[in-house]
Amino acid sequence: MKCRCKIIAILFFFIISPMLYAINIKGKVKDAITGEQLIGATVYIDGIKGGGAITGLDGSFSLRNIKKGEYKIVCTYVGYKQEKQLIKAMNNNELMINFALSPNDVKLIDIEIIGTKDRTSDRSTIETERNANTILNVIGAKAIELSPDLTVANVIQRMSGVTVERNENGDGQYAILRGMDKRYNYTLVNGVKIPSPDNKNLYVPLDIFPSELLDRLEVTKALTPDMEGDAIGGTVNMLMKDAPNHFLFSVNASMGYNSMFFNHKFDSYDYKEINSQSPYEINGDGYKASTNDFPKGTIRLKRNNVQPSMWAGIAIGNRFFDKRFGIIFAGSIQNSYRGNDGVIFSTALETKDVSNNTNVTDMSKRTYSEQQQRYGVHAKMDYKLGHGQKLMWFNSFMNMTSAQVRDQYTVWIPDNNSSNQTSFSTRFRYNNQSIFNSALRGEHTILEDILEFNWIASYSTARSAAPDNTTIGGTTYHQSTGDMTTASEATHRWEHNSDNDWSGYASLDWNPIVSNKELLKISAGGMYRKKKRNNFYANYTLEPWDDSKSEYEERVLVKGVDWNDYTEIKYRVKDGSGISDPLNYKAKENISAGYLQYRLQFKRLQIFGGVRVEKTDQGYSLLYPTSAAEPEGEQSYTDILPSVHLKFSPWKKQNFRLSYFRSINRPSFFEIVPYKNIYEDYSERGNPNLKHTVADNLDFRYEYFPSHSEQLMAGLFYKRIKNPIENGMYVEGQDASYMPQNYGTANNYGAEIDIVKYVHSFGIKGNYTYTKSNITTTKEQWQRSASGDKIVALIDQKRPLNGQSQHVANISLLYKDDKKGWDAQIAASYTGERIYSVSRYLNDDMWEKALVQFDASLEKRFKNGISIFIKANNLLNPHSQVFIKKPYSVTTLDYSMQTVGENILVKDNSYGRNFRIGIRYKL
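In this text, all values refer to a predicted model and were calculated from it rather than measured experimentally.

Glancing now at the overall build of the protein. A count of helical and extended segments in the protein gives six helices and 50 strands. Considering the protein as a whole, with its 923 residues, one finds that 54% of them fall into the buried category. Pairs at least 24 residues apart make up 71% of the contacts formed inside the protein by residues separated by at least 6 positions. A total accessible area of about 41,700 Å² is found for the protein, and carbon and sulfur atoms account for 56% of it.

Structural data, given as structure tokens:
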């Protein structure tokens, strides 16, 4: 026993004693000129192999368990002079030393620096925010690469004050800036405004852009005179990859699954059999369609195990001719399988009395299966002609195809309650969207840097095609004698549109030197855009019909007797022309603008402002006019848009900003066309009398930059919006439809905070936005008159803007170890409840429930340029729910998902978790 105790004591002595006499050396590495921390610098002990350290995200390092003695500590960093320090590690358990590295000496005499500045790093993006003339948020390619996000729509939700509107698969699609609906912002590629492939609106779906093609993503929240004025929420600018200063080659490939299909099959159909043109387009005017015009393969349902999703990307670039000519090509291809399991409840306001209760009338279970194929290519060339003379040519093409099957099963009860009925339907939908942009840009310096002339010539086109969108189904009658299932009517719909832009921009900048302490820059410029939109719509209705049956039985085709699957149902064309007049139209939008802008720079104060004048000419012409609609319409107006931006920098690392600008929002083409369309769940119509929106905007922001990679920003904003446009109920006699309308004056205000902080290898990025808005609209309510009659009263109700969340927050926890090559990130996004749809009735609006989403990524880099990464999205798989803020009461049907006394559930969707693993190589 004594021997065992001695052995333990000896082992304890040998293990602990080195720790008692070991020294930890800690410190930070900074730039000797700027004082900023240097991330990724190497610190090691001269003469000792291994055991060195890499500075962390805050520039700190730590050398642990160093024996007592004298050592020479060496610090190196690319582009900086090596520095050494001689230390004596004696009795202290911890020794602090710091390094201040000086940049390498470079003689610039008779040398012209040609190339591009790195704009992809966190350091570069924070510098851009710090030095900007206006209020700006930026995220760079390196942060995008390490994030769990695949598309620009998902990346942008990480930015301060930004939420996203999601599509049927739960993916982000449209950006909502500061609570302002997607219609109130516009999208640019490399600073050039692009058209939208959306078949109705001007806003651009961001899910069409693969995020890996970007160098950086910028969100501008306060407009300047040289920016187009039709953005009240802000602008989204995608800066695509730029030609590098040295040879670049990068390639990646990955695969993954959506957990939705771990438990059930993936539905698909042969969309390659779809006719891209309608029978009308193929055969001409006056042709009466027949059943032979609709291929059976497009309704032949297939149910199989899902295939793995696949992603791949490549980027290659270099500079030639003494760095004067630069070129880069980048491409991305994605093939993914997504899904959605959902329930939707149809509701109706009780009209038999004046209780104004909202009742649930039926429940539909919906299952979505969608294959998405997305690819994008980007190419850029630039050539330096001479000092201050540069030409650039940008080209990008984005394409997204989706093939979706939606199965729906509906439970409902007819008014007489004599027999229960259930209906079922399957929708086969194919959609292709594309955006192409080509821009030639010139930058010319004249008169020894005093005068600059810049210009852009651009062509862009956006297209969307949804051929043969087919819905087919049947009804089951549950009777005492047994169930009977019959076929229902089928619809085939063709829609396609094109949007073509020809744009020209020019600006002249004058840079006179006022004094040694003041600098003045005066700019004048203008732009012109000619936009043309073509829209086509054709709809065909087919009814069940069998000529071999008697006249009474011709339309009653029973499942199990007359047919077993959709391809066996016999139809005849009920509506053979297929043309819906108002939806076939041509439209134009011509924008001309000019501006005068100045920037006056004092020692600590910058004043930046000016005025912009924009003239808008919008119009449409119906291809097949009827007496019910005006065949042509025109809108023309001119806006004067002043702005001023103050930036006060009392201390080196701090800014105070104050901005005012006026901006507008134009109606989209589709909104001013006098169309009427009846969809499955609602009807909608256009409004040729719709006015454009004008807003006055105020912003204040405080900025603190402790280092090049850290920041604290806090701000306030206020918007007064005249004639805001929202969809509301328009009642004409007994007919009620959703219609875009102007609603007086609205107010939108709030606060933002954005923080980035690092401690050695760990970091945190977070932002929070509080937004409050109010708008007054007229609603209907059933009441009793003095005589006891039931009447409809019109009541003004104040509510938030459609789609605006009061609370929005993002937080990301980061880990980075450059020495061992590890990067990890856990990201969470919170979007508070918001109005989903505005009702014509008082207190009957639909609200989207608050949503929390967790995502994560992990990457391991090896010394040979290879990286392995894992990304996961929607880890908690929360249900997306829509509800009406009224208590549910059992009336006709009781559903397990509805809880008596609580809010009425309208929609409930879950999208599954997404997992992805891949490999990346960089040379």
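Moving on, we get to the sheet that holds strand β15 (residues 234-240). Pairing between the strands of a sheet is mediated by backbone hydrogen bonds and can be parallel or antiparallel. Read across the sheet, five strands follow the order β9-β14-β15-β12-β13 without closing on themselves; strand pairing throughout is mixed. Because the sheet does not close on itself, it has two edges, and the strands there are β9 (136-140) and β13 (192-193). The pairing of strand β12 (residues 185-189) with β15 spans five bridges and is parallel. Pairing of Y186 across the sheet is with T235, part of β15. Most of the contacts of helix α2 (residues 122-131) go to β9, to which it runs at about 170 degrees, and overall it touches β9 and β14 (214-220).

A complete count under the given rule lists 20 aromatic pairs for this structure. Ring centres of F261 and F266 lie 5.1 Å apart, and the angle between their planes is 70 degrees; on these two criteria the pair is classed as edge-to-face. Given the relative accessible area of 6%, F266 is considered buried. On the basis of an interplanar angle of 75 degrees and a centroid distance of 5.2 Å, the ring pair of Y269 and F428 is categorised as edge-to-face. Of the two residues, Y269 is situated in the loop between β17 (266-268) and α5 (279-283) and F428 in strand β23 (residues 420-446); the sequence distance between them amounts to 159 residues.

Looking now at the sheet that holds strand β6 (residues 83-89). With antiparallel pairing, the four strands of this open sheet are ordered in space as β3-β2-β5-β6. Every interior strand has two partners, whereas the edge strands, β3 (53-54) and β6, have only one. Note: strand β5 (residues 69-76) against β6, seven bridges, orientation antiparallel. The partner of G69 across the bridge, within β6, is A89.

What follows deals with the pattern of salt bridges. Counting across every chain of the model gives 51 salt bridges. As a salt-bridge pair, E710 and K757 come within 3.5 Å of each other at their nearest N and O atoms. Here E710 is found in strand β36 (residues 710-722), whereas its partner K757 is found in strand β39 (residues 745-759), with 47 residues between them in sequence. Looking at E710, the relative accessible area reads 4%, which means it is buried. Using a relative accessible area of 43% as the deciding quantity, one classes K757 as partly exposed.

It is worth spelling out the pairing of strand β43 (residues 822-831) at this point. Bridging between strand β42 (residues 807-817) and β43 involves 10 bridges; their strand directions are antiparallel. Residue pairing in the sheet places K816 in a bridge with D823 of β43. In textbook terms, the turn of a hairpin is the stretch between consecutive antiparallel strands, and for β42 and β43 this stretch comprises four residues, one of which, G821, has a positive phi near 80 degrees. When β43 meets strand β46 (residues 851-861), the two strands line up antiparallel, connected through 10 bridges. Looking across to β46, one finds that T831 is bridged to L851.

This brings us to the nonpolar core. If you look at the biggest cluster of nonpolar residues, it comprises 31 residues, and the most contacted ones within it are I156, F209, L217 and M238. Taken together, the elements giving at least two residues each to this core come down to α3 (141-146), α4 (152-156), β10 (162-166), β11 (172-177), β14, β15 and β22 (389-412). With four residues, the single largest contributor to this core is α4. Beyond its immediate sequence surroundings of up to four residues, F209 is in contact with L150, T151, V152, V189, I194, V204, M238, M398 and I435. In this structure, Y271, A487, F536 and L557 belong to the second largest nonpolar core, which totals 26 residues.

Further remarks concern α2. Among the residues of α2, those classed as buried are S124, T125, I126, E127, E129 and R130. In this structure, the buried residues of α2 make contact with β9, β14, β31 (632-648), β32 (654-665), β35 (693-707) and β36.

Relative to the elements of secondary structure, D46 occurs in the loop between β2 (42-45) and β3. On the basis of relative accessibility, which here comes to 40%, the residue D46 falls in the partly exposed class. Sequence separation between D46 and K84 is 38 residues, and the spatial gap between their C-alpha atoms is 8.9 Å. Filtering out sequence-adjacent residues up to four positions away, D46 remains in contact with K72 and V74.

Let us now look at the confidence of the model for the protein. Predicted confidence across the protein gives a mean pLDDT of 87, with 90% of residues reaching 70 or more. Mean pLDDT across the elements of the protein ranges from a minimum in helix α1 (residues 2-20), with 49, to a maximum in β32, with 97. Per-residue pLDDT stays below 50 along residues 11-20; that stretch engages in three contacts with residues further than four places along the chain or on separate chains. Under a pLDDT of 50 for its full length, residues 106-115 has, in the predicted model, 12 contacts with residues more than four places off or in other chains.

This paragraph deals with unusual backbone geometry. Phi at K323 is positive, roughly 70 degrees, even though this residue is not glycine. Summarising the element assignment, K323 is placed in the loop between β19 (309-320) and β20 (325-349). The phi dihedral of H760 is positive, around 50 degrees, even though this residue is not glycine. Tracing the backbone shows H760 in the loop between β39 and β40 (762-784).

Counted residue by residue, β12 has five buried out of five residues, so it is predominantly covered. The alternating pattern of β12 places N185, T187 and V189 and Y186 and L188 on opposite faces, both of which are buried. Here β12 pairs with β13 via two bridges, running antiparallel. Note that in β13 the partner of V189 across the bridge is V192. Where β12 folds back onto β13 in an antiparallel hairpin, the turn is made up of two residues, including N190, whose phi is positive at roughly 55 degrees.

Okay, the side chain of Q597 next. Turning to its location among the elements, Q597 is positioned in strand β29 (residues 585-601). Of the polar contacts made by the side chain of Q597, one reaches the backbone nitrogen of D226; its length is 3.2 Å. Among residues more than four places away in sequence, those in contact with Q597 are T224, P225, D226, K521, I522, S523, F608, G609 and G610.

Along the chain, G313 falls in strand β19. Residue G313 is classed as buried on the basis of its relative accessible area, which comes to 6%. Setting aside its immediate chain neighbours within four residues, G313 contacts E212, S250, V251, N252, G331 and S332.

Position of N873 among the secondary structure elements: in strand β47 (residues 866-873). On the basis of relative accessibility, which here comes to 15%, the residue N873 falls in the buried class. A C-alpha to C-alpha distance of 9.4 Å links N873 and A827, two positions 46 residues apart in sequence. With residues near it in sequence (within four places) discarded, N873 still touches P148, D149, F854, D855, R913 and N914.

Calculation criteria
- Residues numbered from 1 in each chain as written.
- Predicted model: local features only at pLDDT ≥ 70, side-chain atom pairs only at ≥ 80, totals over all residues.
- Heavy atoms only, no water.
- Helix = DSSP H or I, 4+ residues; strand = E, 2+ residues; numbered from the N terminus.
- Buried < 20%, exposed > 50% of the residue type's maximum accessible area, 1.4 Å probe, protein only.
- Contact = heavy atoms within 4.5 Å.
- Areas by Shrake-Rupley, 256 points an atom, 1.4 Å probe, with all protein chains shown as cover.
- Pairing = 2+ DSSP bridges.
- Axes fitted to C-alpha atoms, helices over the stretch in contact; angles between N-to-C directions.
- Phe/Tyr/Trp six-rings, centres within 6.5 Å; stacked < 30°, edge-to-face > 60°.
- Salt bridge = Lys/Arg side-chain N within 4 Å of Asp/Glu carboxyl O.
- Core = buried A, V, L, I, M, F, W, Y, C linked by side-chain atoms within 4.5 Å.
- pLDDT = per-residue confidence, 0-100.
- Polar contact = N/O pair within 3.5 Å; in protein donor to acceptor, adjacent residues only side chain to side chain.

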